[in-house]
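Notes for the structure review
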Amino acid sequence: MKIALAVNPRASFGRGQSAGREAAECFRAAAADVRLLCEDSYESLSRAVDKTLVDGVDALVVVGGDGMVHLGVNALAGSGRAFGETPLGVIPSGTGNDMARALGLPRHDIPAAAARILAALPSGGRRIDAGRVRSGGRTHWFASVVSAGFDAAVNERANAWRRPRGMARYNLAMLRELVTFRAIEYTVTADGERWKQGAMLISVANGQSIGGGMKIAPEAVLDDGYLDLFIVRPLSRLRFLAVFPKVFSGRHVGHPAVELRRVRQVELEAVGVVAYADGERIGPLPLTVDVVPGAIRVLA
């Protein structure tokens, strides 16, 4: 049993490396042949993962948060590799862990997460859909959510700061962004229907949540062949602040400013808006998002 175990040592503010070693010990205790991939940058790690997959492994396991899941999904669903050829395992040890929530995985419990992966390996795991984003002549894949609006702007600001750490940095960036944020004028095309849309944010979701548990699409299903288009229409800052906390419980659904619809393909256009997928920067709009049913297998 060969397992490629990918961990970014800079993830989780330096805790990734120790989490990777602990996960490797769990798998080796089960007689697995573990190849530990640990690089100084996300780009170097991505290249190391691609090379290891070419050599052949029984599973790719990523240690970290949603950014590491994003790396794994892009490696497995990328060009030239058959869908479902190698399953993906997740050891959730990041800040947000939204994909781990959607999969029902143990979070911040490395032995329990490793045990789940080992139990699922004989069957090959379960198939889930993946989202595909085309932007600027490039194709990206995502497991959870593509964001293009207020939440993406918060990510952009938070990523430019080194401190504070964890969710506190995201929350401070959100408050700072609110000072100057204005509703965005989008052009949206969803399954062939095209319209102009003023909105605070638009997200396209395969999973249910972003930002460490904000349930933007509480009814989203990972293997239904659809994406959930989430729109928040223009609101004043005070009203937006009143609605925003409800996202953590899913109670925002039904608010007059909130729209959710199931789609297979979405095109988004807007000026000066940057998109993020699974918390990773994709680039400026325009972009096209569609769903690829059963694109990957996950050990969950």
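Keep in mind that this is a model prediction, so the values were computed, not measured. (Residues numbered from 1 in each chain as written. Predicted model: local features only at pLDDT ≥ 70, side-chain atom pairs only at ≥ 80, totals over all residues. Heavy atoms only, no water.)

**Looking at the side chain of Asp66**
The test is simple: Numbering of helices and strands runs from the N terminus, with a helix taken as a DSSP run of H or I at least four residues long and a strand as a DSSP run of E at least two residues long. Burial classification: accessible surface area is computed with a 1.4 Å probe over protein chains only, and a residue below 20% of its type maximum counts as buried, one above 50% as exposed, and the rest as partly exposed. Counting rule applied: Lys, Arg positive; Asp, Glu negative; His and chain ends not counted. Salt bridge criterion: a side-chain nitrogen from Lys or Arg within 4 Å of a carboxyl oxygen from Asp or Glu. In protein, a polar contact requires one atom able to donate a hydrogen and another able to accept it; more generally it is a pair of N or O atoms within 3.5 Å, and residues adjacent in sequence count only if both atoms are side-chain atoms. Throughout, a contact is declared for two residues whenever any of their heavy atoms are within 4.5 Å.
Of note, Asp66 is situated in helix H3 (residues 66-77). One buried charged residue, Asp66, remains without a salt bridge, the closest side chain of opposite sign being Arg101 at 6.2 Å. Here the side chain of Asp66 touches Asp98 through a polar contact of 2.8 Å, landing on its backbone nitrogen. The contacts of Asp66, once residues within four sequence positions are left out, are Gly96, Asn97, Asp98, Met99 and Asp278.

**Comments concerning the pairing of strand E13 (residues 265-269)**
This is how it is decided: The pairing criterion for strands is at least two bridges between them, as found by DSSP.
Only one face of E13 is covered, namely the face carrying Val266 and Leu268; the face carrying Gln265, Glu267 and Glu269 is uncovered. One ladder, built from four bridges, connects E13 with strand E16 (residues 287-298); its direction is antiparallel. By the bridge assignment, Glu267 is partnered in E16 with Thr288.

**Observations concerning H3**
Selection rule: Helix span, expected: 1.5 Å multiplied by one less than the number of residues in the helix.
Taking 1.5 Å of rise per residue, the 12 residues of H3 would be expected to cover 16 Å, and the 16 Å separating its terminal C-alpha atoms lies within 8% of that figure. Most of H3 is tucked away: 11 of the 12 residues are buried. Within H3, burial applies to Asp66, Gly67, Met68, Val69, His70, Leu71, Gly72, Val73, Ala75, Leu76 and Ala77.

**Details of the nonpolar core**
Soluble globular proteins tend to pack their nonpolar side chains together in the buried interior. The condition that has to hold: Put simply, a nonpolar core is a bunch of buried Ala, Val, Leu, Ile, Met, Phe, Trp, Tyr and Cys residues held in one set by side-chain atoms that sit within 4.5 Å of each other.
If you look at the biggest cluster of nonpolar residues, it comprises 52 residues, and the most contacted ones within it are Phe150, Leu229, Phe240, Leu268 and Leu285. The leading source of residues in this core is strand E11 (residues 227-232), at five residues. Dropping the residues within four chain positions of it, Phe150 is found in contact with Met174, Glu177, Leu178, Phe181, Met200, Leu201, Phe240 and Phe244. Of all hydrophobic cores here, the second largest spans 31 residues; its members include Leu53, Val69, Ala75 and Ala100.

**Some remarks on a nonpolar patch on the surface**
Selection rule: Residues form patches when they are more than 30% accessible in relative terms and have no salt bridge. Like charges link within 9 Å. Nonpolar side chains (Val, Leu, Ile, Met, Phe, Trp, Tyr) link within 5 Å. Residue exposure ignores everything except the shown protein chains as possible cover, and the areas themselves are Shrake-Rupley values with a 1.4 Å probe.
There is a patch of nonpolar side chains on the surface, built from Leu172, Leu175, Leu238 and Leu241 and spanning about 400 Å² of accessible area. When contributions to the nonpolar patch are tallied by element, the ones reaching two or more residues are helix H7 (167-180) and helix H8 (237-243). Following the sequence through the fold, Leu175 ends up in helix H7. Relative accessible area serves as the criterion here: at 48%, Leu175 is assigned to the partly exposed category.

**A short note on the environment of Val232**
Along the chain, Val232 turns up in strand E11. The class for Val232 is buried, based on a relative accessible area of 4%. Sequence separation between Val232 and Leu36 is 196 residues, and the spatial gap between their C-alpha atoms is 42 Å. If we ignore the near neighbours within four places in the chain, the residues touching Val232 are Ala199, Met200, Leu201, Phe240, Ala257 and Val258.

**Some words on helix H2 (residues 42-55)**
As a reminder of what qualifies: By arc we mean the arc of the directions from the helix axis to the C-beta atoms, nothing more.
If you check H2, its first and last C-alpha atoms are 20 Å apart, about what 14 residues at 1.5 Å a residue would give, namely 20 Å. For H2, the complete set of buried residues consists of Leu45, Ala48, Val49, Thr52 and Leu53. Here the buried residues of H2 occupy an arc of 135° about the axis, which is enough to place them on one side. Residues Arg47, Lys51 and Val54 are exposed on H2 and point more than 90 degrees away from its buried face. Tucked into the core, H2 has its buried residues touching strand E1 (2-7), strand E2 (33-38), strand E3 (59-64) and H3. Phi turns positive, to about 105°, at Gly56, one or two residues after H2.

**Quick word on the pattern of salt bridges**
The full count for this structure, using the stated rule, is 11 salt bridges. Between Asp290 and Arg132 there is a salt bridge, with the nearest N and O atoms lying 2.8 Å from each other. Taken together, the positions of Asp290 in strand E16 and Arg132 in strand E5 (residues 126-135) put the pair 158 residues apart, joining distant regions of the chain. Its relative accessible area of 8% is what places Asp290 among the buried residues. Glu259 is the salt-bridge partner of Arg261, the closest N and O atoms lying 3.1 Å from each other. Arg261 gets classed as partly exposed once you look at its relative accessible area, which sits at 25%. Within this structure, Glu193, Arg233, Glu259 and Arg261 form a network of salt bridges that share partners.

**Section: the sheet that holds strand E7 (residues 145-149)**
Using the following cut-off: For every element, the axis is a line fit to its C-alpha atoms; helices are fit only across the contacting stretch, and the angle between N-to-C directions ranges from 0 to 180 degrees.
Spatial strand order, E12-E11-E10-E7-E14-E15: six strands in an open sheet with antiparallel pairing. What marks the edges here is a single partner per strand, and that holds for strand E12 (258-263) and strand E15 (280-284). The sheet shows a mean angle of 20° between the axes of neighbouring strands, direction not considered. Relative to strand E14 (residues 274-277), E7 runs antiparallel, the two being bridged by two bridges. Bridge assignment links Ser147 to a residue of E14, and that residue is Tyr276.

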